[in-house]
Amino acid sequence: MSARQPLPSWALNVLMPAMNVLLALIVGGLAVAMIGENPIQAMQVLAYGAFGSGYGLGFTLHYATSLTFTGLAVAVAFHSGLFNIGGEGQAYVAGLGAIMMALWLDHTHWVFVLVGATVGAMTLGALWAAIPGYLQAKRGSHIVITTIMFNFIASALMSYMLAQVITNPGSNAETRTIAETGRIPLLSEYFEFFKHSPVNIMLFFGVVALIGVYILLWRTKLGFKIRTLGQNPEAARYAGISAVSIIVIAMAISGALAGMMAVNEAVSVQKRLVVGYVQGFGFIGIAVAFMGRAHPVGIVLAAILFGALYQGGSELAFVMPAVPSELVVVIQALVILFSGAMDEMFKPVLERVFGAFRSKPQADKAAEIEEA
Amino acid sequence: MGIEDIIPLLNSSVRFAVPLLLACLAGLYSERSGIVDIGLEGKMLGAAFAAAAVAALSGNVWYGMLAAIFVSVCMSMIHAIASINLRGNQVISGVALNFLALGGTVFIGHSIFKRGGTTPNLSKDERIGPIDLPFAAEIGQVPVIGPIYEQLISGHSIIVYFAFAAVPITAWVLMKTRFGLRLRAVGENPKALDTAGISVFLLRYQALIITGVLCGVAGAYLSTSQGANFSENMTAGRGFIALAALIFAKWKPWNALWTCLLFGVLSAAQIRLQGVEFPLIGEVPVQFIQALPYVLTVVLLAGFIGRAVPPKAVGQPYVKER
Amino acid sequence: MVENQIRNTQQPSRAAEIVPAIDLKGVSKSFGPVQANKDINLTVKRNSIHGIVGENGAGKSTLMSILYGFYKADAGDIFVHGKKVQIKDSSHALDLGIGMVHQHFMLVENFTVLENIILGAEGDPLLAASKAAAREELARLAKDYGLNVDPDAIIEDLSVGQEQRVEILKALYRGADVLILDEPTGVLTPTEADQLFRILEQLRDEGKTIILITHKLREIMAITDTVSVMRRGTMVGTVATKDTSPDKLAEMMVGRHVLLKVEKTAAQPGEKVLEVDGLSVTDDIGVPRVKNVSFDVRAGEIVGIAGVAGNGQSQLLEAISGMFNPLLGEIRINGKKIKFDGDGVADEVRRMGLAHVPEDRHKMGLVTTFEEWENSMLGYDDDQKFGNGPFLSVKAAREDAIKRIEMFDIRPQNPRLKTANFSGGNQQKIVLAREMDRDLDILIVGQPTRGVDIGAIEFIHKQIIKLRDEGKAVLLVSVELDEVRSLSDRVLVMFDGEIVTELAPTASEKEFGLAMAGLDPAQQ
């Protein structure tokens, strides 16, 4: 028997996620075959729908932008040792802040709307995440449960707000539409290529968020403290890091990031706030973060993958009506399952494979380092 | 408000409470064994679909029930493989199962029935109908007790009685049997069990099978007893309320009963309180009552009213070799 | 079944007297690249108390875990009562009559004593019968061996000594006639330890075989009949206790004479740097751990705190370093009072001139998943030299780490290596380098050489002395009495949360022993 070797980081961070996604696609393909359709054709349609045209690509990038925000949100909390599964509710409540600012400023200029909505969204998103953070830090309530509960409380709160408070008279539980002057331009207004797809200026905010999170976590003292707390809370206590403030800050940043989705989706594209606008993107953010190994580079790739699944899925419904578009939800679920929860599935096998291929002297050297 | 108003309210409370109670007890077995189960919702949803689909195809609701249990147990086993064997993240596994059920039910339902995710309506014979307890009509004549017996206690489907019976049975299993002792131990300190020569894996698998069965029954109740077909996302967050109830009940079976009944009353009252003016506070928004179970759970978890301490080993994969 | 085995052991046949209870031949076990046991041979006679000594990490616990079926040996044979066996798992070991009392108790905290005892040995699917039987059996065991515990008490409410008795009862209830105890006295007070020893002797006299794993020579000499010595995963030898001495055993344990005498000059105490005044600390669950403690440490002296582990030393260290809010009392550094407001006080205490080498480097001193350079600034990342404002200068931090690596001879000399990949001694040096190489007034250091190899011990001791000679104050806490005595200028002895006395390091072993047991040497 060949000895198991610890995997090189590229195998761990690139090969394994790729195998997980491939497996999810294979199982999804089997499901398509099961209902008597051609899985190869389905996958082709999916890929073409997502990347084959400027229009499709625009949608893919638009979805990927939202998922970048929710994925980064999960990742930042995760680095501080917290599992924030409340991105859904945080993005939802953030929609309130975003739309209120947008509706207030929409007769000035879209730049003000953009800035105002971003501030509004980040503030409310941060607040909605900081409360569970505070309850975890100060009262010991488990953050997973509290954030789940906050998703439901958010949902009740928002349907109340949209039905009773900031509702647009005559329509059913939604706000009025943002005035023409305040509409954030779509990229297709500058680049013909994107046709009428919803990708907009928030794409660049997404890029900024990716870089910003990298700098925050690995190039600032706050990030060092966040990671210390996440990796070893006792060491953080020893180092004099205030767990309460770091947890609240990390959760607030997390919520603010999730909230950015509101500007991308509700303000820029839907131009109003409707009930349940988040549509599960907050939850998919968990998958994005885990598949992306909580690192911005991984997150952007995972976000594009999931964005492509969304867009390709709706194209699939057009071209192959016999294949229900829920196929995409199934594939997403499988990706979450394989890359998030069954991550270790391929590891022992890969470790054996790598053990067999690795040359002997190298293995000895590794052992020497352990001994020294 | 007289007894004739209260009985229907309590009756609908019971109907709301039953799927919660079953899912809550399902979660109890899982979490007492040390496995977090966010996927109660998904298992119920998958089971609800299986029950309605198989009942519609076969015309026999009991085949539907079996299918529901089978599907739910299979999903529970996926959770088991992920969290017990592969030591994966139990929360993510639960999230994945919820999505799998959400997409999978519509995907398969649409492929079979071509009705966009719903299943055909079941006739009265194809559903699990109410059963009248002995002498219901006769005792019904007695004042006060009569209507309670005839209308509140009698006349529910067998699943309702099963759910209520499951409470004392669970309490008995936990406290009085060998399995219960080991189950409680494995959720608190799996190493104690391992060193005593008992397989932690096996025990957790057993617990998750029970979880699967109970979620299966809960799902079947939704689509073949309370309702007459399956529709997309018909569980509508019940699995999460059950999770909240489990915490509120501090992982104890009798508490689970009271909590689920309380949440059931809240759900039933929600419909009746719409537009009702209260003295001093005025009209209570229906969304407030919707949110109440979740708010109460958050308040409880924060330790403002009592303290909810979960089983110590919950959520941590058991690693034997170092 | 239980009855049968007891009868067997009470009437040992002649063959049984010759056939050893346990015989291990050529047992080996590796964990990854680390070989925990190398070709071990061990023979344990029936009806005896057999000690196994060795330093931390010598492989004692691994060996016993193999015997108990918790780990599987890579190679070698195991004979139990002369029969060759393959111990598959713990329940198989129990069937063979081998019971184990682990160092960390394997009890379910919110269960009753009775529930814990029957767990895994219930027999019936229903509990009623087994509970009744267990209650009866417990009464009998209590009578036979003096093992009294209330069967209906909840484990959480018991003292550590009582919990240990429950563990012993668990093993006996399962019919164990070979009982393995892993470092049983580490958590006990001296009185509790004495009670345990009496119980063990009684068990042996009633026909049981006891294997006692420890690193304390005193215990070996006091209670065992035979002793085996392990060193770095190998078995050095087995001798009759009456034919050996602590010196000889110590030599076998470490492989050469240890020069515990540390070269140092007389201390030149200066100003008071650390003042502790009426300090009381209560832990998270409300148990008083430190009771009204007052002392001070001056510049240029090393004050040692001796005591059996678990007598409040850890809580004292945590309070002084600002990690834990005390209940009462005051701590002053250079005359300035530590203000305990919220968490994160440790950071302010550092800035007051205190450096802290924690007792448990894995638990709190290091983030083992971090690269070495990151740990090299843990707790000091806010320093100007690691970057301006909110930003971190990775370059500056790595350069700083390299400087320390050279200064403390940390190997391998690679700041980008994951900290978990350094050996125990080098990990400890990373912590020491971080804490000692800076402008400090007082160093508090807990268990400086725990799990550290001999060469590194000498180095670490020299560094501490050097710091003192530079005029810094040092507070040293160690459960190794020899270490405290050889390094300190004054020794405070802690027992049950109190400082019971101050002794000169030259005081006799007997005086220390009495003080550590909570007895006033003057009154004896």
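Calculation notes
Residues numbered from 1 in each chain as written. Chains lettered and ligands numbered in written order. Predicted model: local features only at pLDDT ≥ 70, side-chain atom pairs only at ≥ 80, totals over all residues. Heavy atoms only, no water. Pairing = 2+ DSSP bridges. Helix = DSSP H or I, 4+ residues; strand = E, 2+ residues; numbered from the N terminus. Buried < 20%, exposed > 50% of the residue type's maximum accessible area, 1.4 Å probe, protein only. Contact = heavy atoms within 4.5 Å. Axes fitted to C-alpha atoms, helices over the stretch in contact; angles between N-to-C directions. Buried area = accessible area lost by both parts, 1.4 Å probe. Salt bridge = Lys/Arg side-chain N within 4 Å of Asp/Glu carboxyl O. Polar contact = N/O pair within 3.5 Å; in protein donor to acceptor, adjacent residues only side chain to side chain. Nonpolar A, V, L, I, M, F, W, Y, C, P; charged D, E, K, R; others polar.

K.L.:
Just to check I follow, could you spell out the sheet that holds strand β15 (residues 336-337) of chain C for this structure?
P.N.:
Within a sheet, neighbouring strands are paired by backbone hydrogen bonds and run either parallel or antiparallel to one another. All names here are of chain C. The antiparallel open sheet is built from 4 strands, whose spatial order is β12-β11-β14-β15. Each end of this open sheet is capped by a strand with a single partner; those strands are β12 (288-298) and β15. With 7 bridges joining them, strand β11 (residues 272-282) and β12 adopt antiparallel strand pairing. When the bridges of β12 are listed, L274 appears paired with V297.

K.L.:
Would you take a moment to explain the pairing of strand β1 (residues 22-31) of chain C for this structure?
P.N.:
Every regular strand shows the same layout, with side chains that alternate between the two sheet faces. Residues and elements named next belong to chain C. The element β1 is largely enclosed, with a buried count of 8 among its 10 residues. The pairing of β1 with strand β2 (residues 34-44) spans 7 bridges and is antiparallel. The partner of S30 across the bridge, within β2, is Q35. As paired strands, β1 and strand β4 (residues 75-80) are joined by 5 bridges and run antiparallel to one another. What sits directly across from K25, in β4, is D77.

K.L.:
I'm lost on the side chain of R182 of chain B in this one. Help?
P.N.:
With respect to the helices, strands and loops of the structure, R182 of chain B is situated in helix α8 (residues 178-188). For R182 of chain B, the contacting residues outside a window of four places in its chain are L193, I198 and L203 of chain B together with L119, G120 and E122 of chain C.

K.L.:
Looking at this structure, I do not really get the sheet that holds strand β9 (residues 226-231) of chain C. What am I missing?
P.N.:
All names here are of chain C. Pairing is mixed across the open sheet formed by 6 strands, whose spatial order is β6-β7-β8-β3-β9-β10. Each end of this open sheet is capped by a strand with a single partner; those strands are β6 (98-101) and β10 (234-240). In this sheet, neighbouring strand axes are inclined to one another by 20° on average, regardless of whether the strands run parallel or antiparallel. Here strand β3 (residues 49-53) runs beside β9; their pairing, made up of 4 bridges, is parallel. Paired with H50 across the strands is T226, a residue of β9. Lying on the sheet, helix α3 (residues 60-67) is in contact with β3, β6, β7 (178-182), β8 (209-214), β9 and β10; it crosses β8 at an angle near 150°. Relative to the sheet, helix α7 (residues 160-173) contacts β6 and β7, its axis offset from that of β6 by approximately 170°.

K.L.:
Hey, could you run me through the interface of chain A and chain B in this one?
P.N.:
How big an interface is tends to be stated in terms of the accessible area lost upon association of its parts. In this complex, chain A contributes 42 residues to the contact, which on the side of chain B involves 39 residues. Buried surface at the junction of chain A and chain B, summed over both partners, amounts to about 3,500 Å²; 83% is from carbon and sulfur atoms. Summed over the three residues of chain A that lose the most area to chain B, namely R139, M149 and F152 of chain A, the buried surface amounts to 17% of that side. Our enumeration of links across chain A and chain B arrives at 0 salt bridges. If you look at where chain A meets chain B, you find 1 residue pair in polar contact (both at pLDDT 80 or more). Elements that contribute at least two residues to the side of chain A that touches chain B include exactly α1 (9-34), α5 (110-139), α6 (143-165), α11 (281-291) and α13 (326-341) of chain A. Counted by class, the side of chain A that touches chain B contains 33 nonpolar, 6 polar and 3 charged residues.

K.L.:
Looking at this model, I keep getting lost on unusual backbone geometry. Mind explaining?
P.N.:
For residues other than glycine, phi is negative in most cases, and the peptide bonds are mostly trans. Following R411 of chain C, the chain continues to P412 of chain C via a peptide bond in cis, the omega torsion being -10°. Relative to the helices and strands, P412 of chain C is located in the loop between α15 (394-407) and α16 (424-436). Even without a glycine there, the phi angle at R293 of chain A is positive, about 55°. Note on placement: R293 of chain A falls in the loop between α11 and α12 (296-319). You will see that D496 of chain C, though not glycine, has its phi angle at about 50°, which is positive.

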